Amino acid sequence: MAFSRLPVVSAPHEAPLDAAASPALDRHADECGGCAMVDRRGFLTRASLLGLGAMVTAACGNGILGGPDTFPNIQATPFRVDPRTIPGLAQVGGRAVVSQADSGAVLVERLSATTYRGFSLACPHQGTTVEVVSTGFRCPNHDARFSTEGVWLGGQPTADLLTVPVVLQSDGTLMIGGAAPAPPAVALGVAAVGFLTSLASTTATAPQSVLITNSGGGLLSGLALSLSYAANQPTGWLTIALNQTDAPATVTLTANRGSLAAGNYSATVRVSASNATDASTLTVSLVVQDPNAPPVLQLSTTTAAFTTTIGLSPASQVVQVLNGGGSSLAGLAYTISYGAGATGWLSTSALSAVTAPTSLTLRPTATGLAAGSYTATVQVSGTGVPAKSIAVTLTVVASGLAVTLASYPALANIGGVAGSVGTVNGGQVAVARINATTFAAFSMRCPHAGTTINVVNGTSFRCPNHGALFTNTGALASNSPFRTSSLSPLTVSYTPGATVLYVS
């Protein structure tokens, strides 16, 4: 089989390697009759210098090399490289091996103009650096073979190659390793925009702009707008324009009354992105006043929803307070009442003026709130007009990996376990249901040598390397044929009755 050698590119801040250093060699009596073992520094040095080639070390007559004493943890030590300086990554489909002194080698592949992926080149069996071949990857130690997607195909039984997060940063560099990034997500500066005009006006309103940002990870690109009007209402009165297709961007809105009669009109602007799964919507209202009618209190929206993580306060939202009639609307004021749960978290709201038109800024303070859902009602009143209300919801979620319980049937049963539900710090995560309201989560790395463990019958775990068995609580099973420590626990946040839990 022909082997393909790719260049090794060290991170710019990599400490110089001492070529004269002679790593200590250990003898391992239990592996292949005393194969030479390479200590961690020796393994990392060889991975950085030789990349995909076999390590230069003593070997048994059968050609089997010993693995390292410990395994490089690329996920816990992220590093940065500049793909513009790496010829192998200049084109889509290009590949290159990158490394850093404190991490193992990583194969980086360019999937598109802005997306990349990576595979750790440490074989899951014993950590030997695998080689890149025409069909994927091959380990020179015990001949484990993997597809181009890192999936184990044959040879020495082991797990798939570990995927490594590779995220394009705003400055054009790549961050390799670390926690798996959140996907890009569309976020809008405000949720609603209101326009006010009169039957006496024949010109367009002053334009309003809304900022589009990325509330997730990576780069948000391929932005697009779509416009829809409320059912059974006139159309064509709203013009929208996007200044660019990559976030941050701005959507500019302009309303034109045309021949519209006095009344209230609404439309929805949907903002999506080609690399984001969810879109955000902007509610737009147009109030056409009749100068001869009495004042009427109008709000740009009657709902406001906020979502944040524990310890963080979400961005504020602005509600416009308008006069939908004639004459003047004065004496504006507001009151806040709270639903079940915490109170006082919306106390910073304020009207910018006591006459219409004006605005009401909603500023939730979520610091100190536990995970859960909170509600409040803001009532806006004015002199001589009926009051209007805004229903406010605040959802506080635990940070970390979100796991939807319905996606894993095993978690419906007490004692059930689900593997590979996502990644935390770059490592695969398993979740177990302990009782009706309690869950536990574990790293799926075997404590012995870092091999990714497997789920057995939806109730326990087994390491494919030496057969170590673990219970659904992550403890080493009493009948395990191989002795090692228990699985590393992770933190679980779960609200009883919720459909999602969070692992960190």
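Predicted, not measured: the structure shown is a model, and the values here were computed from it.

Procedures and definitions
Residues numbered from 1 in each chain as written. Predicted model: local features only at pLDDT ≥ 70, side-chain atom pairs only at ≥ 80, totals over all residues. Heavy atoms only, no water. Helix = DSSP H or I, 4+ residues; strand = E, 2+ residues; numbered from the N terminus. Buried < 20%, exposed > 50% of the residue type's maximum accessible area, 1.4 Å probe, protein only. Contact = heavy atoms within 4.5 Å. Areas by Shrake-Rupley, 256 points an atom, 1.4 Å probe, with all protein chains shown as cover. Pairing = 2+ DSSP bridges. Salt bridge = Lys/Arg side-chain N within 4 Å of Asp/Glu carboxyl O. Core = buried A, V, L, I, M, F, W, Y, C linked by side-chain atoms within 4.5 Å. Polar contact = N/O pair within 3.5 Å; in protein donor to acceptor, adjacent residues only side chain to side chain. Disulfide = S-S within 2.5 Å.

## Looking at the overall build of the protein
Here comes step 1: Along its length, the protein carries one helix and 41 strands.
Here comes step 2: Among the 504 residues that make up the protein, the fraction classed as buried is 44%.
Here comes step 3: Taking the contacts inside the protein whose residues are at least 6 apart along the sequence as the reference set, 59% of them involve residues at least 24 apart.
Here comes step 4: Accessible surface, the protein: about 22300 Å² in total, of which carbon and sulfur atoms supply 54%.

## Section: the sheet that holds strand β28 (residues 358–362)
Here comes step 1: Read from one edge to the other, the open sheet built from four strands follows the order β23-β25-β28-β27, with strand pairing classed as antiparallel. What marks the edges here is a single partner per strand, and that holds for β23 (297–299) and β27 (350–351).
Here comes step 2: Bridge count for β27 against β28 is two bridges, and the pairing is antiparallel. Its bridge partner being in β28, L351 is matched across the sheet by L360.

## Some remarks on the sheet that holds strand β10 (residues 145–146)
Neighbouring strands of a sheet are bound in pairs by backbone hydrogen bonds; such pairs are parallel or else antiparallel.
Here comes step 1: With antiparallel pairing, the four strands of this open sheet are ordered in space as β8-β9-β10-β11. Only two strands of the sheet have a single neighbouring strand rather than two, namely β8 (131–133) and β11 (152–154).
Here comes step 2: Judged from the three bridges that link them, β8 and strand β9 (residues 136–138) form a sheet pairing that is antiparallel. Each bridged residue has a counterpart across the sheet, and for V132 the counterpart in β9 is F137.

## Looking at the side chain of T205
Here comes step 1: Position of T205 among the secondary structure elements: in the loop between β16 (192–198) and β17 (208–214).
Here comes step 2: Residue class for T205 comes out buried when judged on its relative accessible area of 14%.
Here comes step 3: Ignoring sequence-local partners within four residues, the contact set of T205 consists of F195, L196, T197, T254 and A255.

## Considerations on the environment of A200
Here comes step 1: For A200, the location among the structural elements is in the loop between β16 and β17.
Here comes step 2: Sequence separation between A200 and Q289 is 89 residues; the distance between their C-alpha atoms is 8.6 Å.

## Here we look at the pattern of salt bridges
Here comes step 1: Inspection of every chain in the model, using the stated rule, returns six salt bridges.
Here comes step 2: In this structure, E109 and R117 form a salt bridge, with 3.0 Å as the shortest nitrogen-oxygen distance. Taken individually, E109 and R117 each receive the classification buried, so the pair is uniform in this respect.
Here comes step 3: Salt bridges linked by common partners bring E131, R138, D143 and R145 together as one network.

## Things to note about the pairing of strand β41 (residues 500–503)
Here comes step 1: Here strand β31 (residues 401–404) pairs with β41 via four bridges, running antiparallel. By the bridge assignment, T404 is partnered in β41 with V500.
Here comes step 2: The pairing of strand β40 (residues 492–493) with β41 spans two bridges and is classified as antiparallel. In the strand pairing of β41, V492 is matched with V503.

## Overview of unusual backbone geometry
Excluding glycine, most residues fall at negative phi; most peptide bonds, likewise, are trans.
Here comes step 1: In this model, A247 is joined to P248 through a cis peptide bond whose omega is 0 degrees.
Here comes step 2: Unusually for a residue other than glycine, N232 sits at a positive phi of about 60 degrees.
Here comes step 3: In this fold, N232 is placed in the loop between β18 (224–229) and β19 (238–242).
Here comes step 4: Residue N232 is classed as exposed on the basis of its relative accessible area, which comes to 85%.
Here comes step 5: With a phi angle near 55 degrees, S420 is a residue other than glycine that sits in the positive phi range.
Here comes step 6: Mapping S420 onto the fold places it in the loop between β32 (417–418) and β33 (423–424).
Here comes step 7: Relative accessible area serves as the criterion here: at 42%, S420 is assigned to the partly exposed category.

## As for the nonpolar core
Here comes step 1: In this structure, V186 and W237 are the most contacted members of the largest nonpolar core, which totals 25 residues.
Here comes step 2: The set of elements that each furnish at least two residues to this core consists of β15 (186–188), β16, β17, β20 (249–255), β21 (263–272) and β22 (280–289).
Here comes step 3: Ignoring any residue separated from it by four or fewer positions in sequence, one finds W237 in contact with Y229, T254, A255, N256, L260, Y265, S266, A267, V284, S285 and L286.
Here comes step 4: If you look at the next biggest cluster of nonpolar residues, it comprises 23 residues, including L332, V392, L394 and V396.

## Concerning the side chain of S280
Here comes step 1: Tracing the sequence through the fold places S280 in strand β22.
Here comes step 2: Under the relative-accessibility criterion, S280 is labelled buried at 15%.
Here comes step 3: Within the local environment of S280, its side chain forms a polar contact with the backbone oxygen of V186, the two atoms lying 2.8 Å apart.
Here comes step 4: Setting aside residues up to four positions removed in sequence, S280 forms contacts with V186, A187, L188, V269, R270 and V271.

## Some details on the state of the cysteines
Here comes step 1: By the definition in use, this model includes zero disulfides.
Here comes step 2: Here C139 is not disulfide-linked; the sulfur of C123 is the nearest cysteine sulfur, at 3.7 Å.
Here comes step 3: Owing to a relative accessible area of 2%, C139 belongs among the buried residues under this scheme.
Here comes step 4: The thiol of C446 is unpaired, and the distance to the nearest cysteine sulfur, on C463, comes to 3.7 Å.

## Observations regarding the environment of R80
Here comes step 1: By the secondary structure assignment, R80 is in strand β4 (residues 79–81).
Here comes step 2: With 93 residues separating them along the chain, R80 and T173 place their C-alpha atoms 6.7 Å apart.
Here comes step 3: Only 2.9 Å separates the side chain of R80 from the side chain of T173, close enough to count as a polar contact.

## Regarding the pairing of strand β24 (residues 303–309)
Along any regular strand the residues' side chains alternate between the sheet's two faces.
Here comes step 1: Of the two faces of β24, the one lined by A304, F306 and T308 is fully buried and the one lined by T303, A305, T307 and T309 carries no buried residue.
Here comes step 2: Note that β24 and strand β30 (residues 385–397) share seven bridges and pair parallel. In the strand pairing of β30, T307 is matched with T395.

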